[in-house]
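Observations on the three-dimensional arrangement
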Protein chains: 2
Amino acid sequence: MRTSYHEELDSILDSLVHMAELVEVAIRDGSESLLTADLGRAEAVVSNDAELDRMHEEMEYKCLSILALQAPVAGELRTIVSAIRVVFELARMGDLAAHVAKIARLRYPAHAVPEEFEPSFREMADIAIEIIDQARVSLQNRDAKGAERLAEIDARMDVLRRDQFTRMLGEDSTISVEGAVDVALLGRYFERFADHAVAVGRRVIYIITGTVPEGEDWPNA
Amino acid sequence: MRTSYHEELDSILDSLVHMAELVEVAIRDGSESLLTADLGRAEAVVSNDAELDRMHEEMEYKCLSILALQAPVAGELRTIVSAIRVVFELARMGDLAAHVAKIARLRYPAHAVPEEFEPSFREMADIAIEIIDQARVSLQNRDAKGAERLAEIDARMDVLRRDQFTRMLGEDSTISVEGAVDVALLGRYFERFADHAVAVGRRVIYIITGTVPEGEDWPNA
């Protein structure tokens with residue numbers, strides 16, 4: 001009985017890692033569809049998001065069943081309750097990747113990102129991939145130190161976003177209203193994507209140490 | 001022992017209702033600070049948000065303690081696990097009210113909302129107040145029917161947001177880049193505010209019926 005319970009816990013953590021892999025594919029493809037105006041790829045990201053939402057429902061149900069049937073305590077209770085939150089954060093990250101793809105689809109065959117902002121969004125996409133990758137590895141290796149690094153990666157995303165505002169609203173800006181709307185929202189989606197990864201990191205640290213890190217660098221999702 | 005446990009559960013639901021009241025004040029004041037360019041009021045919303053974040057931490061800790069110490073089952077387990085989620089959604093709604101206030105503060109003494117969009121944001125503010133009010137009452141009265149109404153209110157918010165895009169990007173639009181950035185982001189904050197209220201409603205229904213409603217009208221947060 002205990003063995004099968006521990007197997008269940010391990011299988012939940014494995015599923016979280018698998019879900020993080022799918023989120024990485026989603027943000028990679030969503031960003032590519034945006035930066036190359038690739039309609040097929042954008043469509044794929046939007047339709048694949050249903051699978052992440054399904055996993056969210058399924059995993060939450062599985063965690064609640066374990067809570068109800070096994071009444072876990074201490075570290076195991078922390079793991080299950082954290083898993084419920086992590087699965088939620090990952091599903092939200094998938095939603096954000098789909099939001100990015102939807103903007104690419106909306107503007108197709110034009111590029112949603114104004115040309116002068118392409119390098120900035122390319123960098124945001126790289127940071128998004130780096131942060132979900134780091135979140136997944138921290139989860140996989142139960143690595144609290146690795147999870148702490150997420151806040152540093154997130155800080156780089158925030159700098160890029162502030163820079164986008166400065167350029168859009170600068171005196172020599174030539175951006176159109178449509179371009180400005182897209183940059184403002186896309187920037188927000190990438191920024192939130194990183195915030196959710198940081199929230200995953202907080203939960204990984206909580207699973208390992210039993211304490212949730214606080215402070216400016218650790219936003220509440 | 002059982003009595004004190006039920007008292008704990010009731011006190012958690014009471015705290016959620018109280019938190020929803022604070023969120024209503026936050027969105028009311030945040031919206032007013034935005035629409036009247038009231039710096040003092042904006043500052044108050046931003047600084048009061050810390051109290052909601054503190055309640056979030058405290059309530060989550062309380063719920064986890066009950067899970068660990070009481071090992072609740074069935075309806076009581078559903079209530080505790082849902083409370084953890086509701087408290088998160090309410091804290092996010094508070095953050096969004098603070099985001100609105102921060103934009104008001106950023107543009108002060110100017111008005112962030114372009115004049116021709118003021119009626120639209122006034123309506124969004126009214127809907128935001130209506131939806132948090134309805135969410136609170138559903139929670140207070142354990143009213144699944146009332147919680148179902150939240151999706152209808154949310155649909156009205158979505159219509160307003162689409163209308164804002166149509167007008168900003170229309171041929172006869174005279175909006176500035178700064179105005180467009182603010183309308184795009186403020187519209188997103190109000191839209192998300194309503195989404196979180198709908199997510200609260202889903203959890204209220206889950207507490208009462210044991211089933212989470214699905215479908216287009218019930219976005220995952």
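For clarity, every value in this text was computed on a predicted model and none was experimentally measured.

We now examine the interface of chain B and chain A. Taken together, the 41 residues of chain B in the interface contact 41 residues of chain A. At the junction of chain B with chain A, the criterion picks out 6 salt bridges. With a closest N to O distance of 3.4 Å, glutamate 60 of chain A and arginine 85 of chain B form a salt bridge. Applying the counting rule to chain B against chain A returns 4 residue pairs in polar contact (both at pLDDT 80 or more). At the level of elements, α2 (39–70), α3 (74–107), α5 (144–168) and α6 (177–209) of chain B are the ones that each hand at least two residues to the side of chain B that touches chain A. Top contributing element to the side of chain B that touches chain A by residue count: α6 of chain B, with 12 residues. Its residues assigned to classes, the side of chain B that touches chain A shows 22 nonpolar, 4 polar and 15 charged.

Glancing now at the pattern of salt bridges. Summed over the entire model, instances satisfying the criterion amount to 44 salt bridges over all chains. Linked through salt bridges whose partners overlap, the residues forming this network are Glu24, Arg28, Asp133 and Arg136 of chain A.

Here the focus is the confidence of the model for chain A. Parts of the prediction with low pLDDT should not have their coordinates interpreted in detail. Model confidence for chain A is summarised by a mean pLDDT of 92, while 94% of its residues fall at 70 or above. Contacts from residues 215–221 of chain A, a stretch scored under 50 in pLDDT, to residues over four places away or in other chains number 26 contacts.

Parameters at a glance
- Residues numbered from 1 in each chain as written.
- Chains lettered and ligands numbered in written order.
- Predicted model: local features only at pLDDT ≥ 70, side-chain atom pairs only at ≥ 80, totals over all residues.
- Heavy atoms only, no water.
- Contact = heavy atoms within 4.5 Å.
- Salt bridge = Lys/Arg side-chain N within 4 Å of Asp/Glu carboxyl O.
- Polar contact = N/O pair within 3.5 Å; in protein donor to acceptor, adjacent residues only side chain to side chain.
- Helix = DSSP H or I, 4+ residues; strand = E, 2+ residues; numbered from the N terminus.
- Nonpolar A, V, L, I, M, F, W, Y, C, P; charged D, E, K, R; others polar.
- pLDDT = per-residue confidence, 0-100.

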